[in-house]
Each structure stands twice: as structure tokens, then as C-alpha cells.
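Summary of the model geometry
One-letter residues, chain by chain:
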Amino acid sequence: ITALLEEEKYGEARQKLSDKADDIMTADAVCYSGNPAVDSILNYKLQTAQKRQIKIEYKFCLPNQMKAEADDLAVLLGNSIDNAMEAVSDLEEEKRVIRLSMNYDRGILIYKISNEYRAIRQAGGSFLTTKQDSKEHGIGMRSMRHIAEKYGGCLKADTRGNIFTLEIVLFL
């Protein structure tokens, strides 16, 4: 959606948002993190993962309200979970597992997500999209890093042992 907006394709972006809103409205609520904005995006992603036969294990401990903008949380969760689902989608079914946690304590939000992967593309220390149409993809990591920096935090990615781990810290 962000790429469509940047290219001023407002009609297409509006349609994608409408489609996603319809899906969210029909999703069964299964996650209660304590934060409605997080619950909304996570429940939508859980439903999507289930359709793709991907298991998401999660542990969240959040207050009802935080000083993080709901849109920023949606970008962090949405991009990271989408990337993880893409990475595990070509693995054997028993390896299609995404683990995530988000905890808030005394003004610090720590979000961690990990998954196995088959292949990763990197250049100059940056991760590259593995999708065919690279013009339409590949901005998720940059968007997440920008949000981390916006809150005085950081984004760290690790690829040891065929496990991709992303950790994001925000100071709220």
C-alpha cells in the first residue's frame, strides 16, 4: 500500500485498504495483547498465516495505551510478519513457524520475531527482497528501521543457523 501511495496510485491503494478492512472485520479475535491496535493487526495476520498453513507462536505483554502511534505499530508488525511468512512459505510444513514477542516495561518496547529461512539476499549490509518485482517490494525493512529511529531505538537483524531474528527496541 505504501508503494502505491508513493507512486500516487491512490485508487489502487484505496482498494487494497478496503479489501484489508473487510478481512479484518470478518476475522475472529484470538489475540488479546492488552493493546487494541496490536490486537487488530495481529489477529488479521494470524488469520492470514492459518490460511497459508503457517503457525505463529506469540507472547505479548502490553498496556492498553502506549506512546507509540498505532500506524507505526501496524507497520512494524505487518512488515515483519509478512516478511516472515514469505520466508517460511517454501519450507516443509513442520518448519513453517514464526515466533514473536512484544513486551513493554517502563517506557521501553521490545519486539522480537524469528523464523527459519531457506535463502536470504543481502547486499552492502542490507536485506534485499526475494520477490520478482523488486520495484513493488523491499521497503519494509527500511520502514521498520525508520520507525525504530523515530522513537530513539534500534533495529537489529541476525541470520545465524538458518534462523532469521529481528529485534526492534523503541523508547516511548
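The notes below deal with the structure included here. Because the structure is a prediction, the values reported are computed rather than measured. (Residues numbered from 1 in each chain as written. Predicted model: local features only at pLDDT ≥ 70, side-chain atom pairs only at ≥ 80, totals over all residues. Heavy atoms only, no water.)

1. Quick notes on the overall build of the chain
The helix and strand inventory of the chain stands at five helices and seven strands. Starting at the N terminus, the α and β elements of the chain follow one another as α-α-α-β-α-β-β-β-β-α-β-β. By residue count, 35% of the 172 residues in the chain fall in the buried class. Restricting the contact set of the chain to residue pairs at least 6 apart, pairs at least 24 apart contribute 62%. (Helix = DSSP H or I, 4+ residues; strand = E, 2+ residues; numbered from the N terminus. Buried < 20%, exposed > 50% of the residue type's maximum accessible area, 1.4 Å probe, protein only. Contact = heavy atoms within 4.5 Å.)

2. Examining the pattern of salt bridges
All chains considered together, the criterion is met by eleven salt bridges. The salt bridge partner of arginine 99 is glutamate 57, with a shortest N-O separation of 3.1 Å. Here the residue arginine 99 occupies a position in strand β2 (residues 97-105), and glutamate 57 occupies one in strand β1 (residues 55-61), the gap between them amounting to 42 residues. We classify glutamate 57 as partly exposed; its relative accessible area is 30%. (Salt bridge = Lys/Arg side-chain N within 4 Å of Asp/Glu carboxyl O.)

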